[in-house]
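Secondary and tertiary structure notes
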Amino acid sequence: MAWYDSAVIYHIYPLGLCGCPHQNNGAEENHFDKLNAWAEHAAKLGFTCIYIGPLFESEGHGYETTDYRRVDRRLGTNDDFKYFVKHCHELGVKVIVDGVFNHTGRSFFAFEDIRKHREGSQYCSWYCNVNFWGNTEYNDGFSYDNWGGYNLLAKLNMWNADVRNYHFDTVRFWVNEFDIDGIRLDAADVLDHNFMRELRGVTDGLKPEFWLMGEVIHGDYSRWANGDMLHSVTNYELHKGLYSGHNDHNYFEIAHSVKRLLGICGQTKLYTFVDNHDVERIYTKLSNKAHMKSVMLLDYMLPGIPSVYYGSEYGVEGRKGGGDDWALRPCLELKDFDDNAPLPSLIARLGQIKKDFREVTDGEYKELTLTTRQYSFARILGNTAVITAVNNDDNPAHIEIPLPINASSAVSLLDCEAPEPEEPEAEIPAAAEDAEAEERYSMSVMESAAAAFDAAELADLMKKINRNIEDGKDVSEMLKRAKTKLLRLNEDMQAIEVDDSIADGEAPQSVPVTVSGGTSFRIDNGRLIVDLGPNDGEVIYIK
């Protein structure tokens, strides 16, 4: 499995995040200390990839590129970005950038040459429909095709071999100079398909598992995302359903999109997002802000590659207006936010679930229950499954979910606390006073639990943790994985107790498990009985 199949992506619009001038006046600034801090923040919340862009020298908002091989001077230098990528890789985070290949800014060298030499320019064929009998609002004395009706964005002729080779050389430069891991192709829905096929061949030979993702709004996504062209495209169809399906109390819209896209794209994982730099913030769009939890659960748990736009982990708002999109791209400071607040804590937990449970990435999707206000589905992998249940109603919901597998145990994955073993009891030291003692305590709890459950897999993990401690390495992530295994082991023991009671002729008992938010659930006669609170959701592992 390639790294991007299980990725969780953090999207940064750097010119906005860093509060850069909206127009490039030639003044050099440096904001990579801030960007490095946000990369560390992303890694802390469980993101495994950062999509940062637009990044390269431009005139204003970043998509009117003037130099593809220089980092925008409002952000920093090429060396600064090179270190940023290196730092991200040390954090275990991949980096992808914007490839704005469809059009350039008017200050790009080829366009400036046409302005200077007119018909005599060797670059006239680099752009589409250059007409020296026409004119534009810039009074150049010629006209040309553009993107989106904006003459600021001059459309390149992607059928020109020199243009294609220039872009291919640019991509080689990005990989060799910065060691990036992928590219998001801007306006991929209007790019020449042959160009994207050639680009795929170039990047496949540059770096193993190099990822190509394209911006596509409407249409048959498989036309772009397939074995010959791009690995993935933006899932705007599901994006629309994620907010309107909650605002309209219509989970049928979301479920229909999921099934339709699976039928079209098969195993191709689409880029799933709830907002980005071009659309209003999800917190602004939601009529009921309490639906943020369910929206994020669906973003992570439905088939696809989940992403979060910077600031949306804190519920930042942003509304279109004023003739530009800068309100969607605000300058933010980490010190102004609390990572322990409910929403970022939820996102961190979802990232950990994505990391620990292959079912969420590779599991077969199966719809289980569906009404306008309640929706549940499973991600099934062999004899295990992860079930997500959401309720968009202002009232509690009682949902009886048919089990997709023959399961006898269930555990909440949102409740990340490992169960405490009965023996041996130990006093938990205060982490602030003695972090090393707390680590020793966590190890002793899990070692004793492993012995009690005779869990060879957990015992092996504890040996690895001990070796890493001896080598002076950080073991915090390994401890989290061990706690997750404890959750599963505890459920195994509960299932064994039920089986023993049945063998002894006793009636099987279904004991509800209460988790945060008042949700309760139990397995009873081939069903998972879930009681959700108003506007709430749950993620449950069954086996």
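Residues numbered from 1 in each chain as written. Predicted model: local features only at pLDDT ≥ 70, side-chain atom pairs only at ≥ 80, totals over all residues. Heavy atoms only, no water.

The next subject is the confidence of the model for the protein. Here the protein shows a mean pLDDT of 88. Residues at 70 or above account for 82%. Low pLDDT, under 50, characterises residues 417-434; the stretch is placed with 19 contacts to residues that sit more than four places away or in other chains. Low pLDDT, under 50, characterises residues 444-456; the stretch is placed with 21 contacts to residues that sit more than four places away or in other chains. (pLDDT = per-residue confidence, 0-100. Contact = heavy atoms within 4.5 Å.)

In terms of nonpolar packing, the biggest core is built from 131 residues, with Phe81, Phe84, Phe101 and Tyr375 touching the most fellow members. Core analysis: the next-biggest nonpolar cluster, separate from the first, contains 19 residues, Leu368, Ile380, Ile387 and Leu532 among them. (Core = buried A, V, L, I, M, F, W, Y, C linked by side-chain atoms within 4.5 Å. Buried < 20%, exposed > 50% of the residue type's maximum accessible area, 1.4 Å probe, protein only.)

Taking 1.5 Å per residue as the helical rise, helix α8 (residues 251-265) with its 15 residues ought to reach 21 Å, and the 21 Å between its terminal C-alpha atoms agrees with that figure. For α8, the set of buried residues is Tyr251, Glu253, Ile254, Ala255, Ser257, Val258, Leu261 and Cys265. Tucked inside the fold, the buried residues of α8 contact α7 (236-247), α10 (292-301), β14 (364-370), β15 (374-381) and β16 (384-391). Measuring from the backbone nitrogen of Phe252 back to the side-chain oxygen at the start of α8 gives 3.2 Å, which picks out Asn250 as the cap. Positive backbone phi, approximately 60°, marks Gly266, located one or two places after α8. (Helix = DSSP H or I, 4+ residues; strand = E, 2+ residues; numbered from the N terminus. Expected span 1.5 Å × (residues − 1). Polar contact = N/O pair within 3.5 Å; in protein donor to acceptor, adjacent residues only side chain to side chain.)

We now examine the sheet that holds β16. Across the sheet, five strands lie side by side as β14-β15-β16-β22-β18; this open sheet has antiparallel pairing. The open sheet is flanked by β14 and β18 (410-412), the only strands paired with a single partner. On average, adjacent strands in this sheet sit at an angle of 25° to one another, irrespective of strand direction. The pairing of β14 with β15 spans six bridges and is antiparallel. Bridging from a neighbouring strand, Tyr365 pairs with Arg379 of β15. On the sheet, α8 packs against β14, β15 and β16 and is oriented at approximately 155° with respect to β14. The sheet contacts of α10 involve β15, β16 and β22 (537-542), and relative to β16 the element is tilted by about 150°. (Pairing = 2+ DSSP bridges. Axes fitted to C-alpha atoms, helices over the stretch in contact; angles between N-to-C directions.)

Residues Trp147, Tyr150 and Val190 make up a contiguous nonpolar surface patch of roughly 310 Å² in combined accessible area. When you line up the elements, Trp147 lands in strand β7 (residues 146-147). (Patch = residues over 30% accessible without salt bridge, like charges linked within 9 Å, V, L, I, M, F, W, Y side chains within 5 Å. Areas by Shrake-Rupley, 256 points an atom, 1.4 Å probe, with all protein chains shown as cover. Salt bridge = Lys/Arg side-chain N within 4 Å of Asp/Glu carboxyl O.)

Here the focus is helix α4 (residues 109-117). Where α4 is concerned, the buried positions are Ala110, Phe111, Asp113 and Ile114. Summarising the axial view, the buried residues of α4 lie within an arc of 155°, below the 170-degree limit, and thus occupy one face. Elements in contact with the buried residues of α4: β8 (150-155). Looking one or two places after α4, you find Arg118, whose phi comes out positive at around 50°. (Arc of directions from axis to C-beta.)

So, about the environment of Leu413. Looking at where Leu413 falls in the secondary structure, it is placed in the loop between β18 and α13 (435-453). Sequence separation between Leu413 and Val386 is 27 residues, and the spatial gap between their C-alpha atoms is 8.8 Å. Each residue touching Leu413, except ones within four places of it in the same chain, is listed here: Arg349, Ile353, Phe357, Val386, Glu538, Val539 and Tyr541.

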